[in-house]
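# An overview of the molecular structure
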Amino acid sequence: MNKFRPFLTLILLLSFAIAAAQVKVSGHVIDSKTKKPVANADVVLPNAGVFTTTNTDGSFYLESSENDAVIQVTANGYEFFETDLPSNVNYKFQIALNSESGVSADTPVQLENVNLSGKQKKYKKKKENPAYAILQKVWENKRKNGLKSVPQYEYQEYEKLQFDLNNVDSTLTKNKMFKDMEFIFEKIDTSDVTGKTFLPLFINESIYKVYGRNKPDRRERKDLIANKNSGFEDNEIVIQTLKNLYKDYDIYDNRLNFFNINFVSPIARDGFAIYDYELTDTISIDGIDCYRIKYFPKRASEHTFKGDFYVTSTGYAIKEIAMQSTKSINVNFVRDIFVSHQFEIVNDSVFYPKKDYVILDMSLLNKKDDSKGMFARRTVNYQDFDFNIPHPDEFYNSRNYDPYLSGAFEKNDSYWDTARPEILSKNEAGIYEMLDSLQQVPRYQRIVKGVEILGSGYWNVAKAIDIGDLYSSFGYNKVEGFRLRAGARTFFTSNDMWRLSFYTAYGFRDHQFKYGAEARFMFSKYNRFQFGIGTKRDIEQLGVQLTSSDGIMTRSFASSSIISQGENDKLSHINKTNVYLSIDPLKNFTIRLDGNYQTTRSADPLLFNMNYLWNGYEDDNTIDTNVSLSLIARPGAKFSRYGIDRYEHSTNAPSIMLRYTKGFTGLFNSQFNYDKIQFLYTQPILVGSYGRSVIVFEAGKTFGTVPLPMLSVIPGNESYGQTPGTFAQLNYYEFVTDAYSSLILDHHFNGWILGKIPLIKKLKLREVGFIRAAWGDISDKNIEINRSDVEYFAPKDKIYYEYGFGIENIGIGNFRPIRVDFNWRGNYLDLPDARRFGVTVGLDFSF
């Protein structure tokens, strides 16, 4: 629940003021005759050595801590412009450029050490552009990160993460909601990138010692040496969420991952099909002569950047690069992206990172420039490289290091004053004191509690007791009728090493109480060794998952679907007890052993019959005692917290599970002896500029003769809601198998098609294509014992498939969570009650 506490401040504390920098200029550059905006013009404060490039709407912002009374503008096809600034602070400053007449295309214009040409030549072929010749050399001499080419390495990394609120007017600061919290508005500052005023709210500083090797195999260990943050109760979730916004990438790659969306790199080999490039001048950086190349996208609606980069004149390596997203970026909640990378060039083939800086301008409601939002910043400095110290294999096991025991969170201010490579601003340094004071304000605490309830679904009624999940309180199905549920759990902190959970439910049609209870304990946060025991008695919809979860507290969507395409009457009454042990012997690799005892019968025999033949008699109740061993791998997954419940962040990490289940006859009156093996593989994949695919493959086989509850039902979906892993056009129990394989492929084009269609592209809609296929078989012995209402049928002779397309990103402003799918059934159309076509609706709050 407390994971939502940090985000409260990101929404509530909004302010407006003007900070005291020496020079601030914002405005627009336009054509003096047509009055149209001039994009990609260079705007320079020459004496301060500061410049920027105008946006597609001609807007710009410049800020300098040094005095400069002159502003200069250079743009392709226009005369050089220079004028005096009327004051140090100039907002809404409009500059009108005259079309070039008196300046020759070959006449250079001197801006201190910068040499800009007066006019860009229009090139019919990319090979005529001198920037193309330079980029060819960059591609030919593609650099490698030196950290990947040496036998071993180590270095120190300083990381600063920040959240700031921006674009806040004075009316909000006077809102009664901020009574007793007015002191927060004393920390106003102005962004030197966007010119927006902002209030620093969260800061986290970390110093890491990184050790790595490349031979004989690649290993890396990252030790947290020191950490200081702004005092929220659950900083870890904020820190990891911030970090997850910034994906690791190589600037030389053709595509760069932001928010799990591929953006075209300015250094991409196909860049000339996406960008226009302009070789503008040469400049010395760190004593190295570099070519400056400006770039801007040919089509603003694509996932691209504008900016410039510097290429060394001798080795053709990227020395520095600046990237800023276009105004029409089709990413929810993100108004602007600004990225800066600096590199140390070691030799003709190797570079090292020097400094990274990323700022995300994020908005809550819409993307208007003056709408309320936040800055998410990340600054990383790399230093103290050493390549001469080898370490044994065991050294690279990160579990050997505990930052809590090493004192990483106890460093004093004197340590930080000397350890920081950059001095904090006055307002950044004041965040620590401000937030400590804010935590003591009762009004703030009440607002925090309300946001936590809405975000987590749990209401904290005592120091260690949560009531919920509140979002599961109501439901409906044909057996129970209206269903009311209440639950509770223990909750001391988000890193609790143990947790108790309980719920009870009542159906107003069957007049029956249901319940579930579970206790889980974790004995080590390093290998996550756990023990759990739980039991439940409830009504559930079986057959909606091929690889089912062993959780006690979970319940399938179909059991309480409000709006269904079918009758929703094939429900089962289950009585289940589960005991488990699990351990992570390796990072992101889990071994889990489960023992299960479960009885299953029809929830209402008048509506649904699950009978089977056993020892010559027809029975309506199954008793199953089994043990299962699961191997689960999540390579590359990222988690927050170390307690019994972790928070997993969105990544492109695959999920692989192999499970073996053994059923025992006679153990606790169990009736069936069987073996089952199952495999599950899930993989998200970024496909160039064409979007993101999600592949789910499952396969399994049951050996032995068993009734319906132990067989594998190809999961159908009779609701109008979208549920991952199910087949939208299949009814419940339509295909029953003891051997199966299925493949589901969803591809999110991220507007690659609709974003190119005039008028429609303004709606920011995105297209989805999908196909789902399943094969299965059922043995004669399993068919022979069946006495249920379900006629066993498996898609053996031909693979069942369904397909369709969807429109997602439907909504208003930044809130576009709605996805509508149009599903067609590909075959088996002659089966009773086969649904040829259907529409389903889902929600997705991703970027």
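Residues numbered from 1 in each chain as written. Predicted model: local features only at pLDDT ≥ 70, side-chain atom pairs only at ≥ 80, totals over all residues. Heavy atoms only, no water.

## Quick word on the overall build of the protein
What counts is decided by this rule: In this text, helices come from DSSP runs of H or I with a minimum length of four residues, and strands from runs of E with a minimum of two, each type numbered from the N-terminal end. Here's how the labels work: a residue is buried when its accessible area is under 20% of the maximum for its type, exposed when over 50%, partly exposed in between, all with a 1.4 Å probe on protein chains only. Should any heavy atoms of two residues lie within 4.5 Å, those residues are counted as being in contact. Using a 1.4 Å probe, accessible areas were evaluated by the Shrake-Rupley method; residue-level cover was limited to the displayed protein chains.
Along its length, the protein carries nine helices and 47 strands. Here the protein, with 847 residues, has 53% of them falling under the buried criterion. Within the protein, residue pairs in contact and separated by at least 24 positions form 64% of the contacts whose partners lie at least 6 positions apart. Looking at the protein as shown, the accessible area adds up to about 38,000 Å², and 55% of this sits on carbon and sulfur atoms.

## As for the nonpolar core
As a reminder, the rule being used: In this text, buried Ala, Val, Leu, Ile, Met, Phe, Trp, Tyr and Cys residues form a nonpolar core when linked through side-chain atoms within 4.5 Å.
By size, the foremost hydrophobic cluster in this structure holds 61 residues, and its most contacted members are Ile 267, Tyr 277, Phe 309, Ile 318 and Ile 337. For this core, the element with the highest residue contribution is helix α2 (residues 130-140), accounting for six residues.

## Describing the confidence of the model for the protein
Applied cut-off: Note on scores: pLDDT gives the predictor's confidence for each residue, bounded by 0 and 100.
Across the protein, the average pLDDT comes to 83, with 85% of residues at 70 or higher. Long-range and interchain partners of residues 1-21, a stretch whose pLDDT sits below 50, account for 83 contacts in this model, where long-range means more than four residues apart.

## Quick notes on the sheet that holds strand β5 (residues 70-74)
Strand pairing in a sheet is mediated by backbone hydrogen bonds. Such pairs are either parallel or antiparallel. To keep it simple, the criterion reads: If DSSP finds at least two bridges between two strands, the strands pair. In this description, a line fitted to the C-alpha atoms serves as the axis of each element, helices being fitted only across the stretch in contact, and the angle between N-to-C directions of two axes falls anywhere from 0 to 180 degrees.
Spatially, four strands are ordered β3-β2-β5-β6 in an open sheet, and the strand pairing comes out antiparallel. This sheet does not close on itself; its edge strands, each paired only once, are β3 (50-53) and β6 (81-84). Adjacent strand axes in the sheet meet at a mean angle of 15° when their direction is disregarded. Pairing of strand β2 (residues 42-45) with β5, which is carried by three bridges, proceeds in the antiparallel orientation. The residue bridging Val 43 from the neighbouring strand is Val 73, located in β5.

## Looking at the pairing of strand β27 (residues 481-490)
Strand direction decides the pairing type here: strand β25 (residues 465-467) and β27, joined by three bridges, are antiparallel. Opposite Asp 466, over in β27, you have Arg 489 as the bridge partner. Examined bridge by bridge, strand β26 (residues 474-477) and β27 share four bridges and lie antiparallel to one another. Residue pairing for β27: Asn 477 is matched across the bridge by Gly 481.

## Quick notes on the sheet that holds strand β1 (residues 23-31)
Taken in spatial order, the three strands of this open sheet run β4-β1-β7, and their pairing is mixed. Looking at strand neighbours, the two that pair on one side only are β4 (59-64) and β7 (89-97), the edges of this open sheet. Each strand axis lies, on average, 25° off the axis of its neighbour in the sheet, ignoring direction. As paired strands, β1 and β4 are joined by six bridges and run antiparallel to one another. Note on β4: the bridge partner recorded for His 28 is Ser 59.

## Structural notes on α2
Counted only if it meets this: Here the arc refers to the set of directions running from the helix axis out to each C-beta atom. A 3.5 Å cut-off defines polar contacts: any pair of N or O atoms within that distance qualifies, except that in protein one atom must be a possible hydrogen donor and the other a possible acceptor, and neighbouring residues in sequence count only when both atoms are side-chain atoms.
Restricting attention to buried positions, one finds in α2 the residues Ala 131, Tyr 132, Ile 134, Leu 135, Val 138 and Trp 139. The buried residues of α2 occupy an angular sector of 160° when projected down its axis, which confines them to one face. Where α2 is buried, its residues contact β17 (275-285), β18 (288-297), β19 (305-312) and β20 (318-325). Backbone nitrogen of Ala 131 and a side-chain oxygen of the N-cap are separated by 2.9 Å at the start of α2; the cap is Asn 129.

## Side note on unusual backbone geometry
Residues Lys 215 and Pro 216 are joined by a peptide bond in cis, for which omega reads 0°. Among the secondary structure elements, Pro 216 is positioned in the loop between β13 (197-213) and β14 (219-229). Residue Asp 469 is reached from Gly 468 by a cis peptide bond, and omega for that bond is 5°. Note that Asp 469 resides in the loop between β25 and β26.

## Considerations on the packing of aromatic side chains
How we decide: In summary, the pairing rule links any two rings of Phe, Tyr or Trp, Trp by its six-membered ring, whose centres are within 6.5 Å, and it sorts them by plane angle into stacked for under 30 degrees, edge-to-face for over 60 and tilted for everything else. A ring is scored as having a charge over it whenever the NZ atom of a lysine or the CZ atom of an arginine sits within 6 Å of its centre and within 35 degrees of its normal.
Summed over all chains, the structure comprises 43 aromatic pairs. Ring pairing ties together the aromatic residues Tyr 132, Trp 139, Phe 272, Tyr 275, Tyr 277, Tyr 295 and Phe 309, which thus form one cluster. When the ring centre of Phe 395 is taken as origin, the NZ or CZ atom of Arg 221, which lies over that ring, is 4.4 Å away. One cation-aromatic arrangement involves Arg 489 over Tyr 458; the distance from NZ or CZ to the ring centre is 3.7 Å.

## With respect to the pattern of salt bridges
Short version of the rule: The salt bridge criterion pairs a side-chain nitrogen of Lys or Arg with a carboxyl oxygen of Asp or Glu, the two atoms within 4 Å.
Overall, the coordinates contain 38 salt bridges when judged by the stated rule. We note a salt bridge from Asp 42 to Lys 294, for which the minimum N-O separation is 3.5 Å. With Asp 42 in strand β2 and Lys 294 in strand β18, this pair connects stretches of sequence that are 252 residues apart. Neither residue differs from the other here; Asp 42 and Lys 294 are each classed as buried. Arg 819 is the salt-bridge partner of Asp 821, the closest N and O atoms lying 2.8 Å from each other. Each member of the pair, Asp 821 as well as Arg 819, carries the same accessibility label: buried.

## Here we look at the environment of Arg 537
With respect to the element layout, Arg 537 can be found in strand β30 (residues 530-540). For Arg 537, a relative accessible area of 34% corresponds to the partly exposed category. C-alpha of Arg 537 to C-alpha of Ile 552: the two residues are 15 residues apart in sequence and 9.6 Å apart in space. The residues touching Arg 537, leaving out its near neighbours within four places in the chain, are Lys 514, Tyr 515, His 573, Ile 574, Asn 575 and Arg 601. Within polar-contact distance, the side chain of Arg 537 engages the side chain of His 573 at 3.3 Å.

## Details of the pairing of strand β28 (residues 498-507)
On a regular strand, each side chain points to the face opposite its neighbour's, so the side chains alternate between the two faces of the sheet. Bridge count for β27 against β28 is seven bridges, and the pairing is antiparallel. Note on β28: the bridge partner recorded for Arg 485 is Ala 505. Summarising the sheet, β28 and strand β29 (residues 513-522) pair through nine bridges and their orientation is antiparallel. When the sheet's bridge partners are listed, Trp 498 is paired in β29 with Phe 521.

## Examining a positive patch on the surface
Basically, it comes down to this: Surface patches are drawn from residues lacking salt bridges whose relative accessible area is over 30%; two like charges belong together within 9 Å, two nonpolar side chains (Val, Leu, Ile, Met, Phe, Trp, Tyr) within 5 Å. Here the positive residues are Lys and Arg and the negative ones are Asp and Glu; neither His nor the chain ends is included. Just so you know, the charge point we use is NZ for Lys, CZ for Arg, CG for Asp and CD for Glu.
Taken together, the side chains of Lys 125, Lys 126, Lys 127 and Lys 298 make up a positively charged region of the molecular surface. Taking relative accessible area as the criterion, Lys 125 reaches 59% and is therefore assigned exposed.

## Overview of the environment of Gly 457
Here Gly 457 shows up in the loop between α8 (442-456) and β24 (459-462). Measuring from C-alpha to C-alpha, the distance between Gly 457 and Leu 470 comes to 5.0 Å, with 13 residues separating the pair along the chain. Contact partners of Gly 457, with chain neighbours within four places excluded, come to Glu 452, Ile 467, Gly 468, Asp 469, Leu 470 and Tyr 471.

## Comments concerning the side chain of Asn 477
On the secondary structure map, Asn 477 appears in strand β26. Look at Asn 477 and you get buried, because its relative accessible area is 0%. A distance of 3.0 Å separates a polar atom in the side chain of Asn 477 from the backbone nitrogen of Val 479.

## Description of the side chain of Asp 538
The residue Asp 538 is located in strand β30 in this model. Looking at Asp 538, the relative accessible area reads 0%, which means it is buried. There is a polar contact of 2.6 Å between the side chain of Asp 538 and the side chain of Tyr 503.

## Considerations on the environment of Lys 142
Structurally, the position occupied by Lys 142 is in the loop between α2 and β10 (144-145). Of the residues examined, Lys 142 reaches a relative accessible area of 43% and is grouped as partly exposed. When the C-alpha atoms of Lys 142 and Tyr 316 are compared, they prove to be 8.5 Å apart, with 174 residues separating the residues in sequence. Not counting residues up to four positions away in its chain, the partners in contact with Lys 142 are Tyr 252 and Asp 253.

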